[in-house]
Every structure is written in C-alpha cells, then in structure tokens.
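# Structural characterization, general
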Amino acid sequence: EVQLVQSGAEVKKSGESLRISCKNSGYSFTSYWIAWVRQMPGKGLEWMGIISPADSDTRYSPSFQGQVTISVDKSINTAYLQWNSLKASDTAMYYCARRRQTGPYRYYFDYWGQGTPVTVSS
Amino acid sequence: QSVLTQPPSVSGAPGQRVTISCTGSSSNIGAGYDVNWYQQIPGTAPKFLIYGNSNRPSGVPARFSGSKSGTSASLAITGLQAEDEADYYCQSYDTSSNWVFGGGTKLTVL
C-alpha cells in the first residue's frame, strides 16, 4: 500500500529554522517525483516545488524560489521541506504528494500525505 | 490570484447535476496540457478525482466526470449526494510556472 506519512505539527517563532518530512512507503521511491503543496488558512492549494528522488533534480515555483529548500534522503525514502528563517506568513498546512506520469507532460498527483500544520508566531 | 480560474462556490440539491468550470490560458490548458481534479473534504488532505482531463481512477464513482475544450475544463457531478460537499480544485501544467492549481470551488449540497 502506497503511503506518504508526514511529520507532526510544528509551532515556531519568526526567524527560526524548520525542516518537515514526508516518508514514503509501498512503492519504489526513486521512480516518482515528490511535490510540496502549501495551503494557507482558509485558502487554496499552491504548488511550491518538486524533486526527483533518483537524482535530486529540483524545480521550484517562482513564488517559492529562494524561500524554501526541497531535498530527499533516498536511503530512508524521505523527502524534506526546509526553511532557514521562518516568517509569520509561512503559517499554513503543507502537503507532500507523489507525481504520477502517464506520458510526456501528462502528470497528476496521485497520493498525498496527511499534511503538516506549521504555525509561526511573530 | 490563481493562474487557473474557478468559481468560488456552486450549490445544488441532492440528485441534481452541478458543473465546476476551470479557465486557463494558452500557456497551460490551451497549450494542450492535461487538467486534473482533486476533492478536498474540510480537514483532510486532497484526493485525486479525475486525471488526464476525463479519466476516473478506480474507486471514484461514475457520477464524477471531466471534460476539456480549448482553454477551459469542467468537472460535472450528477446525482449529487451529501457526501460530495467539499472543495474542488483543478490543476494543470503551465509553461512558466510548472504545476498550477485553480483557486478552488466550494460545493454546497442544499
């Protein structure tokens, strides 16, 4: 059974660093890219970036480039989302999702983690 | 402001049919990229509903269907049920922004 299990809720202060995780099981981790998606309170889904666990090739949304870092440790089938200096505006739910590809430029996100809520106080 | 535009809300009575539109541009839907749809019940993670414009994964009822034409796509739900009350998001690929989502549509079952 495919599972993406994310780390637990975080409460931080502005300026602190943070890394949240997404542990994958039930499939070949290096065969599917993993994306991160933000959902601010009461708002919609925003694609942040995506990484290939096979070679760590990473793409970022222009809105998040330079604001976060996405990485993987394929020895433990885990993807990460990291901030060096949090802001109150980073308060949101963060989801990881597996990208499935069915053809050239034919993608969708088929399995999602349960979400990690991050609260940043100023 | 989302790259893909959806109505903020739609509603319908049980048993009725509702549609949710998703309007893009020549850099995403109009460029021929697939549209996918996700359902998010409040307090839970999104679940994928329709992929490749009109394909239903196993387990998704046939009441849900998707279509695409030009720079737009639609999700139709027939035989509306109370359990369909949720937020629905369209998603596509964009040549400048990579993966993009619509702003989401809240479906209320009256």
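None of the values given here were measured: they were computed from a predicted structure.

Attention now moves to the sheet that holds strand E8 (residues 78-83) of chain A. Residues and elements named next belong to chain A. One open sheet accounts for four strands, arranged E1-E3-E8-E7; its pairing is antiparallel. Lying at the two open borders of the sheet, with one neighbouring strand each, are strand E1 (3-6) and strand E7 (69-73). Taking each pair of neighbouring strands and ignoring which way they run, the sheet shows an average axis angle of 20°. As judged from the four bridges shared by E1 and strand E3 (residues 18-25), these two strands associate in the antiparallel manner. Counterpart to Gln-3 in the pairing with E3 is Ser-25.

This next bit is on the side chain of Ser-92 of chain B. Residues and elements named next belong to chain B. Inspection of the secondary structure assignment puts Ser-92 in strand E7 (residues 86-94). In this structure Ser-92 comes out as buried when scored by relative accessible area, which is 1%. Engagement of the side chain of Ser-92 in a polar contact is seen with the backbone oxygen of Asp-34, the distance being 2.9 Å. Residue contacts for Ser-92: discarding those within four places in its chain leaves Leu-4, Asn-28, Ile-29, Tyr-33, Asp-34, Val-35, Asn-98, Trp-99 and Val-100.

Estimated volume of the largest pocket: approximately 890 Å³. What lines the largest pocket is a set of 37 residues, among which Lys-43, Gly-44, Leu-45 and Glu-46 of chain A together with Gly-103 of chain B lie closest to the centre. Elements with a contribution of two residues or more to the lining of the largest pocket: strand E5 (45-51) and strand E9 (92-103) of chain A together with E7 and strand E8 (98-101) of chain B. Of the residues in the lining of the largest pocket, the class split is 16 nonpolar, 18 polar and three charged. Estimates place the volume of the second largest pocket at around 160 Å³. Around the second largest pocket, the lining residues are Arg-100, Asp-110, Tyr-111, Trp-112, Gly-113 and Gln-114 of chain A together with Ala-45, Pro-46, Lys-47 and Phe-48 of chain B.

Residues and elements named next belong to chain A. As judged from the six bridges shared by strand E4 (residues 34-39) and E9, these two strands associate in the antiparallel manner. Within E9, the position partnered with Ile-34 by the bridge is Arg-98. Note: E9 against strand E11 (residues 116-121), three bridges, orientation antiparallel. Bridging across to E11, Tyr-94 finds its partner in Thr-116. As defined by bridge partners, E9 adjoins strand E10 (residues 106-112) across six bridges and the pair is classed as antiparallel. Its bridge partner lying in E10, Ala-97 is registered against Trp-112.

Thresholds, definitions, all that
Along each chain, residue indices are assigned from 1 in the same order as the chain's sequence is written. Each chain takes a letter, starting from A, and each ligand takes a number, starting from 1, following the order in which they are written. For this predicted model, a pLDDT threshold of at least 70 governs which residues receive local features, and a threshold of 80 or more governs which side-chain atom pairs are given and counted, while totals over whole chains, interfaces and linings are taken from all residues. With hydrogens and water stripped out, all remaining heavy atoms of the structure feed into the side-chain values. When DSSP finds two or more bridges between two strands, those strands count as paired. Each helix corresponds to a stretch of at least 4 residues labelled H or I by DSSP, and each strand to a stretch of at least 2 residues labelled E; elements are numbered beginning at the N terminus. Every axis corresponds to a line fitted to the C-alpha atoms, with the helix fit spanning only the stretch in contact, and the corresponding angles, defined between N-to-C directions, vary from 0 to 180 degrees. Each residue's exposure class comes from its accessible area (1.4 Å probe, protein chains only) as a fraction of the maximum for that residue type: buried when under 20%, exposed when over 50%, partly exposed otherwise. Side-chain atoms alone can form a polar contact between residues adjacent in sequence; in general such a contact is a pair of N or O atoms within 3.5 Å, and within protein one must be able to donate a hydrogen while the other accepts it. Contacts: residue pairs with any heavy atoms within 4.5 Å of one another. Cavities and pockets were defined on a 1 Å grid built from protein atoms only: a cavity is a group of points that admits a 1.4 Å probe but offers it no way out, a pocket is an open group of points flanked by protein on both sides within 12 Å along at least five of seven lines, and a lining residue is one with an atom within 4 Å of any such point. Grid points are joined across faces, edges and corners, and a volume is the space filled by probe spheres set on the points. Side-chain classes are defined by residue name, with Ala, Val, Leu, Ile, Met, Phe, Trp, Tyr, Cys and Pro counting as nonpolar, Asp, Glu, Lys and Arg as charged, and the others, Gly among them, as polar.

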